[in-house]
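The chain contents come next:
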Amino acid sequence: MFWETYMKEDILVDLGISIGIFLLFLLFRKLFTKYVFTLLLRLSRKAPNDFFSHIFVSFQKPIQWLFIIIGIYVSVGYFPHLNQHNSLFLDIIRASVIIMITWGLYNMAAASSALFTSLKVRYNLEIDDILIPFISKSLRVVIVAISISVVAQEFDYDVNGFVAGLGLGGVAIAFAAKDVLGNLFGGFVIITEKPFTIGDWIMTPSVEGTVEDISFRSTRVRTFAQALVTVPNATLANESITNWSKMGKRQISFRLRVTHDTTKDQMANVVGQIEYLLKNHPDIHPETILVTFDDYKENGLDIFLYFFTKTTNWGEFLKIKEEINFEIMDILENERVYVAMPSRKLYLDPDGENQLNKDSRVRQES
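Residues numbered from 1 in each chain as written. Predicted model: local features only at pLDDT ≥ 70, side-chain atom pairs only at ≥ 80, totals over all residues. Heavy atoms only, no water.

- Going by the annotation in an unreviewed UniProt entry, the name recorded for the protein chain is Mechanosensitive ion channel protein, with Cytobacillus oceanisediminis given as the source organism.
- What the UniProt record of the protein chain gives under Subcellular location (unreviewed entry) is the line "Cell membrane".
- Turning to the protein chain, the UniProt record has this under Sequence similarities (unreviewed entry): "Belongs to the MscS (TC 1.A.23) family." (UniProt positions renumbered as here; feature names shortened; annotations may be inferred.)

So, the nonpolar core
And step 1. In terms of nonpolar packing, the biggest core is built from 23 residues, with I274, L278, V291, I303, L305, F307 and I328 touching the most fellow members.
And step 2. At the level of elements, β6 (250-258), α10 (264-279), β8 (300-309) and α11 (314-334) are the ones that each hand at least two residues to this core.
And step 3. Of all hydrophobic cores here, the second largest spans eleven residues; its members include V207, I214, V221 and L236. (Core = buried A, V, L, I, M, F, W, Y, C linked by side-chain atoms within 4.5 Å. Buried < 20%, exposed > 50% of the residue type's maximum accessible area, 1.4 Å probe, protein only. Helix = DSSP H or I, 4+ residues; strand = E, 2+ residues; numbered from the N terminus.)

Focus: a nonpolar patch on the surface
And step 1. A cluster of nonpolar side chains, L24, L27, F28, L31, Y35, V36, L39, L40 and L43, forms an exposed patch at the surface whose accessible area comes to about 790 Å².
And step 2. Tracing the backbone shows L40 in helix α1 (residues 2-44).
And step 3. Taking the relative accessible area as the measure of exposure, L40 reaches 30% and is therefore partly exposed. (Patch = residues over 30% accessible without salt bridge, like charges linked within 9 Å, V, L, I, M, F, W, Y side chains within 5 Å. Areas by Shrake-Rupley, 256 points an atom, 1.4 Å probe, with all protein chains shown as cover. Salt bridge = Lys/Arg side-chain N within 4 Å of Asp/Glu carboxyl O.)

Quick word on unusual backbone geometry
And step 1. Phi is positive for Q226, which is not a glycine, with a value near 70 degrees.
And step 2. Among the structural elements, Q226 can be located in the loop between β3 (218-222) and β4 (228-232).
And step 3. With a phi close to 55 degrees, R336 is a non-glycine residue in the positive phi region.
And step 4. By secondary structure assignment, the location of R336 is in the loop between α11 and α12 (350-365).
And step 5. Taking relative accessible area as the criterion, R336 reaches 62% and is therefore assigned exposed.

Thoughts on the pairing of β4
And step 1. The pairing of β3 with β4 spans five bridges and is antiparallel. What sits directly across from R220, in β4, is T230.
And step 2. Hairpin geometry of β3 and β4 is characterised by an intervening segment of five residues between the two adjacent antiparallel strands and by a positive phi of about 70 degrees at Q226. (Pairing = 2+ DSSP bridges.)

Quick look at α11
And step 1. With 21 residues, α11 should cover 30 Å at 1.5 Å per step; its first-to-last C-alpha distance of 31 Å lies within 8% of that length.
And step 2. Turning to α11, its buried residues number three or more, namely F317, I320, I324, I328, I331 and L332. One side of α11 holds all its buried residues, which, seen down the axis, span an arc of 115 degrees. Away from the buried face of α11 by more than 90 degrees, exposed residues K319, M329, E333 and N334 are located.
And step 3. As for α11, its buried residues are in contact with β6, α10 and β8. (Expected span 1.5 Å × (residues − 1). Arc of directions from axis to C-beta. Contact = heavy atoms within 4.5 Å.)

Regarding the environment of F155
And step 1. Mapped onto the elements of the fold, F155 is located in the loop between α5 (131-154) and α6 (159-168).
And step 2. Each C-alpha atom, one on F155 and one on S87, is 9.6 Å from the other, the two residues being 68 residues apart in sequence.
And step 3. For F155, the residues in contact, after removing those within four places along its chain, are L88, D91, I92 and A95.

Regarding the sheet that holds strand β2 (residues 208-214)
And step 1. Ordered in space as β4-β3-β2-β1-β5, the five strands form an open sheet in which the pairing is antiparallel. This sheet does not close on itself; its edge strands, each paired only once, are β4 and β5 (242-243).
And step 2. As paired elements, β2 and β3 share four bridges and run antiparallel to each other. Along β3, the bridge assignment pairs I214 with T219.

Examining α10
And step 1. With 16 residues, α10 should reach 22 Å at 1.5 Å per residue; the first-to-last C-alpha distance of 23 Å fits that figure.
And step 2. Turning to α10, its buried residues number three or more, namely Q266, M267, V270, V271, I274, L277 and L278. Seen along its axis, α10 keeps its buried residues to an arc of 130 degrees; they face one direction. With respect to the buried face of α10, the exposed residues turned more than 90 degrees away are K264, D265, Y276 and K279.
And step 3. Lining the buried residues of α10 we find β6, β7 (290-297), β8 and α11.

Quick look at the structure:
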């Protein structure tokens, strides 16, 4: 009787110690998050780059969970009827630690986009903006694949047999994932040929807008109506792509039609003044400027204008075009030349009208 009472008390003591240890690790977790991690983060932000800050932020959550895993492992050593050295329990603990490390590295791979961007700016590295998200996502895939392999080996799973099985089923997978593979290869074509990058204004038969993101499967384009269109990479890789952002200058071309009563001297003065205006305008590209009296039309005389603005920005382009149009209006007003409107003129012969009236009176008298 005494022995049973002693054993029960001993079990309760062990149970209390086990729970106390676990609660102690929960306290350590809270103290680490509130004080130690905050201090480390402040110190890392004083570094010349954000590398250490990215590391601490990436591993914040995994380390918090690591305290819980260690607390479970230590407390199980005192918990009644549980064996701390059980092989399955040890495999679960080791797998949990591997998953926490994978979680941190996975977060770092996501933060690597910002890291690569800062390194690119700091050291003038030739890294394309398309390549940075692909590097980040590729690192994530590799990290997860290695983690799954290591966890599987912890549970004595034959990874080599799994890989061999994938080889045997490769043909079936290829047929089933034909579209996915097509989009993947389309993404590689976009990366290697670089027809556009993130932030470019593109136009294709499928969509027109600004490129926001390029992933393994698709490209996201923000249209001018602010709709977000997701286009499969395989579709984009097989379409003609016009990249308006690669323009070195922007074209303006139109015909100015003036009235037929414009004299030769007036026409010559208007053409000369418009040409002088364009050649001396600071925002007009001087390479190609054409202003000519081009053609006779049914309702006017055509002046042909062909030139380019130095800017390719849409808003700035419209402002320059408006400014040029106002200047042309002033030139026409000063030369008393008028813009032709679609119209018809009817000329009446007075003699013919009198003869018509006379014939009408003769018919009435008869």
